[in-house]
Structure formats: C-alpha cells, structure tokens
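Coordinate analysis (summary)
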Amino acid sequence: MPDGASLVASRPGARRFLCERVVHPFVRQLLGDHDMFGSAASRALSPEARAARVARLRAATDFLGGAHNLIAPVFLKGRLGLDGGVAATRVDVDGAPDDAYYAWFEPTGTPRLNGTLVYLHGGGFIIGSKATNGEMVARIAAACGVRTLFVAYRKLPEAPFPGALVDALRGVGVALASTPPERLILGGDSAGASLALAALHFLRETLQITPAAGLLLSPMVDIASELEYATDTTNVGPDLLPAGFDPAARREFMDMYRGTSANATVDALVDALRRRRDGALLSPLAASPRQLGALPPLLCQAGGSEVLLDSQLRFCDAARRAGADVRCTVFDGEVHAFHAFGFSPAWPAARADLRRFCERALRPAAPAAPPTRKSHAVVAALVGGSRKRAAVAAGIRAFR
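Residues numbered from 1 in each chain as written. Predicted model: local features only at pLDDT ≥ 70, side-chain atom pairs only at ≥ 80, totals over all residues. Heavy atoms only, no water.

**Brief notes about the overall build of the chain**
Put simply, the rule reads: Numbering of helices and strands runs from the N terminus; a helix is a DSSP stretch of H or I covering at least four residues, while a strand is a stretch of E covering at least two. When accessible area is computed with a 1.4 Å probe and restricted to protein chains, residues below 20% of their type maximum are described as buried, those above 50% as exposed, and intermediate ones as partly exposed. Should any heavy atoms of two residues lie within 4.5 Å, those residues are counted as being in contact. Every accessible area reported is derived by Shrake-Rupley at a probe size of 1.4 Å, with residue values counting cover from the shown protein chains alone.
Assigned secondary structure in the chain consists of 15 helices and nine strands. Counting the 400 residues in the chain, one finds 56% classified as buried. In the chain, once contacts between residues fewer than 6 apart in sequence are set aside, the share between residues at least 24 apart is 79%. A total accessible area of about 16100 Å² is found for the chain, and carbon and sulfur atoms account for 57% of it.

Put into structure tokens, the structure is as follows:
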C-alpha cells in the first residue's frame, strides 16, 4: 500500500459466500450484458441502440434496487446499522429540472453529529436513482450520524456536462441555506464521488468556500487521461465492472460526457462551469497541485478487487503530496462500490471508518467567518430560478 493508505483484511463467512457466489456474479452479468464503453460492440452502437440499452439497464437496476431496499432493512436491520431508522423527506428545489431528485435523510436512532452531508450517488453518470440507491444512502446517513441531502442528478446521455454538476451544486446550495461551510461534508460513490470533488473545486475556486470534508467511496477519479493502470487488467473478473476503464474506454466515455455546444444553455452558471470543462471539474486527476492541495480533509474507501483501484491510489497520493489531508482505506477482496450491499462482509468496518472520520471532521471548533455577501448571492442562485441566476451573473464572473 502507498504511504497513507491502510488495508483492511478480508473476512470469510456466510456473507462473503453470498456476495461472491450469488450477488456479484449476477450484477457482473447484468452490467456485462449492457456494456457501454471500451468494447468493439459498444463503439459500434448507434445513438438509438445506445439509448435503448441505457433504458433497459435503468429499468433492471431500478427493479433490483427497489427489491433490495425493501428486503435488506427488514432482514438485516441490526447488522446494517439502521437501528432507530432513517426518515426520508423529498425536497422541492426551485429551478431544478424534473428529472433531478432531492431528499433529506434524517437518522432517528443514532447519536447525531452537528453537520450535514450532501451525498451524490454512483452509476457511471448513466444509472442511479432513489430506487437503486435509497437504502444505501440511509445506511450511510446513519453510519455518519448526520443529516444527509441525497441528490439524484440528471444522467447521460440525456444531460451531458455540466448537467449533473449543476444539479449537485443546487444540492449544496440547499444545504448551505441551513449549514455553515465548516459543518458541511460532500460525498458520493463512484461517479458521485467524482462530482463531489468537482463541487469542492468549484466552491473553492469560485466562491472561496471550503467545506469541512469529502467522502469518496470507490471514487471514479480518472475519466480523461491516457494513463495505463495495472488493475484495469488484473482486477477484471473479480470486480463487478465487466471491463477495465482503459484510455480507449475513457475517450469513448468523454465523447458522451462532454456533449456538444448545442446542449449549452444561456444560463450564466452553466456558462461559467462550461468554460472550466477541461480541468478538475471534468476529471479529478486533472486537477493541478494547487487545486489538490486546497481540498479539505478526504476519506477514500476502496475495494481491493476494483478495476479502478490503481487510479484511486494515484489520486490519493497526488493529493497528499500536494498538501491535502487524505486517508485511504482499502478493503481487501471487495468490489467496486461494495457499500451498495448492506450484507457485504466489509460493511461493518467501513461503517465504523465513516463514523470516525465524520467525528473528526465535525469536531467542535472556533466559529468560522461567515460567507461574504457575494457568496450568499451566488449560492442562492444555485437553488433559485433563472431570474435569480441572471441577477448574479456579474457576481459569478467576478469570481473567475
């Protein structure tokens, strides 16, 4: 393990048998049947065929996620850490598109910390919803012991960059309306962790706001480089992801993620984001040492069998060398985004690791200076309608 990374040993038992022999092969087959990037078959897909494949994958994962959400809390409540429950309340956000979803998850049984988590789900920017991720977010909210705003953002291919990031920033705006930055944590899994890092960079670079911490669960940190990683090959098979995310797959993905100028709106906020499209807001590993060093304390949790493991370790090492406070915990034998399965044998240790990190990040401290008036205005624009955003366009440009 690189400096600053720790390895949690694999634990045998019935839950590992269930995951390795039943759940993982099924999910691996499902994702393989709907491969989107990196293979000759995926590159040959027409836009219509790709859209149909996306629709089938979303329907299948929503169905499976819904079944898991119903069954897991009933049969595994004590082991999942949901004792006392988590109350979920949908939030109507002014100006948000209809296909974005926001909800508060409030732990009701665990000791609460004074803070807020904004959580962004994974799914390769293509899948993920309240059906597929709701139970997982409830467990994470309970584990961290904080009020959690779940953001289900717009997806590819319908909403290319910066659609998902704008939705994430609207969620941050909702949280900042009641939480000071020094009590705010941004987090996510896989693609959601990538969005969390992009939001942290935007808040720092544009608004001079630095939240308390970032949670990165199996983060997708390199979606643009030409780097080769050993685990792109060695961990294909053990991992859930059916193929490595090699440079060819990244190029194919970026064609969809960036979209075209025809998708841009006249919204001043979107324009400001789009002008930064070639750097840290697109791919975390594209951040400069200065940007990496300005990040708040980070916790990265990864599976030892992930195809993305080497890129995750590279990101953590780069951020640490730049001066950021980064903790990386690798769970031996675990797959990408193993947190999605409450019956994963690594979940109890991961849950305890999350709680320790949040307690440290949100420990009592001297009050920070309140955000500037401009910061309040621009954050308000993230949750307001087009009139509000137009009114602060000059303020956004002033921060560039």
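**What to know about the pattern of salt bridges**
For clarity, the threshold we go by: Salt bridge, as used here, is a side-chain nitrogen of Lys or Arg placed within 4 Å of a carboxyl oxygen of Asp or Glu.
Evaluation of the coordinates by the stated rule reveals 16 salt bridges. Ionic pairing is found between D167 and R170, a salt bridge with its closest N-O pair at 3.4 Å. Residue D167 and its partner R170 are located together in helix α5 (residues 163-176), separated by three residues, close to a single helical turn. The same class applies to D167 as to R170, namely buried. Three or more residues joined by partner-sharing salt bridges are found here, namely E106, R112 and R147.

**Overview of the sheet that holds strand β9 (residues 326-331)**
Test applied: Pairing between strands is defined by DSSP: at least two bridges between the two strands are required. Whenever a helix is involved, its axis is fitted only over the stretch in contact; in every case the axis is a line through C-alpha atoms, and angles between N-to-C directions fall within 0 to 180 degrees.
Spatially, the nine strands line up as an open sheet ordered β1-β9-β8-β7-β6-β4-β5-β3-β2, and their pairing is mixed. Each of the sheet's edge strands pairs with one partner strand only, and the pair in question is β1 (5-8) and β2 (86-90). This sheet shows a mean twist of 20 degrees between the axes of neighbouring strands, independent of strand direction. Bridge count for strand β7 (residues 213-217) against strand β8 (residues 298-303) is four bridges, and the pairing is parallel. Bridging from a neighbouring strand, L215 pairs with L299 of β8. This element, helix α4 (residues 130-144), spans β2, β3 (101-107), β4 (116-120), β5 (147-152), β6 (184-189) and β7 of the sheet and lies at about 35 degrees to β3.

**Quick look at the pairing of β7**
The cut-off we apply is this: By convention, orient the strands away from the viewer: a clockwise path from the first strand over the helix to the second makes the crossover right-handed.
Across the five residues of β7, five count as buried, placing the element largely inside the fold. Strand direction decides the pairing type here: β6 and β7, joined by five bridges, are parallel. Paired with I185 across the bridge in β7 is A213. Each parallel crossover has a hand, and for β6 linked through helix α6 (residues 191-207) to β7 it is right-handed.

**Observations regarding the environment of F245**
The topology assignment puts F245 in the loop between α7 (231-234) and α8 (247-258). Apart from the residues within four sequence positions on either side, F245 is in contact with M220, D222, I223, D232, R250, F253 and L308.

**Some remarks on the packing of aromatic side chains**
The following threshold applies: Planes of paired rings set the category: under 30 degrees apart is stacked, over 60 is edge-to-face and the rest tilted, where pairs are Phe, Tyr or Trp rings (Trp by its six-membered ring) whose centres lie within 6.5 Å.
Inspection of the entire model under this criterion finds eight aromatic pairs. Look at Y101 and F150: their rings are 6.2 Å apart centre to centre, the planes differ by 65 degrees, and that puts the pair in the edge-to-face class. With Y101 in strand β3 and F150 in strand β5, this residue pair connects regions lying 49 residues apart in the sequence. Both residues of the pair, Y101 and F150, count as buried. With 4.8 Å between their ring centres and 40 degrees between their planes, F125 and Y257 make a pair best called tilted.

**Observations concerning the nonpolar core**
What counts here: As used in this record, nonpolar core signifies buried Ala, Val, Leu, Ile, Met, Phe, Trp, Tyr and Cys residues forming a set joined through side-chain atoms within 4.5 Å.
Counting 111 residues, the largest nonpolar core has F125, L215, F253, Y257 and F315 as its most contacted members. With 11 residues, α6 is the single largest residue contributor to this core. Once residues within four sequence positions are removed from consideration, L215 is found in contact with L117, C144, I185, L186, G187, G188, L299, L354, F357 and C358.

**Some points on the packing of α5 against α6**
To characterise two packed helices, one gives the angle between the axes of the helices and the distance between these axes. What counts here: For classification purposes, angles smaller than 35 degrees are called roughly parallel, those larger than 145 roughly antiparallel, those between 65 and 115 roughly perpendicular, and all remaining angles oblique. Handedness of a crossing is defined here by the sense of rotation of the near helix relative to the far one, left-handed for an anticlockwise turn of less than a right angle and right-handed for a clockwise turn. Any residue that is not Ala, Val, Leu, Ile, Met, Phe, Trp, Tyr, Cys, Pro, Asp, Glu, Lys or Arg is counted as polar, Gly included; the first ten are nonpolar and the last four charged.
One way to put it is that α5 packs onto α6 with a least axis distance of 10 Å and a crossing angle of 65 degrees. The orientation of α5 relative to α6 falls into the category roughly perpendicular. Seen along the crossing, α5 lies across α6 with a hand that is right-handed. Contacts between α5 and α6 involve A164, L165, L169 and V172 on the former and, on the latter, L195, A198, A199, F202 and L203. Class assignment of the residues belonging to the contact of α5 with α6 gives a composition of nine nonpolar, no polar and no charged.

**Considering α5**
Here is the rule we go by: To estimate the expected span of a helix, subtract one from its residue number and multiply by 1.5 Å.
For α5, with 14 residues, the first-to-last C-alpha span of 20 Å sits near the 20 Å given by 1.5 Å per residue. The buried count for α5 comes to 14 of 14 residues, which makes it a mostly enclosed element.

**Notes on the state of the cysteines**
Covalent bonding between the sulfur atoms of two cysteines defines a disulfide. For clarity, the cut-off: Cysteine sulfur atoms that pair up within 2.5 Å are treated as a disulfide.
Inspection of every chain in the model, using the stated rule, returns zero disulfides. Take C300: it sits in no disulfide, and the sulfur closest to it among the cysteines is that of C316, at 3.9 Å. Under the relative-accessibility criterion, C300 is labelled buried at 0%. Its sulfur unpaired, C358 is 3.5 Å from the next cysteine sulfur, which belongs to C144.

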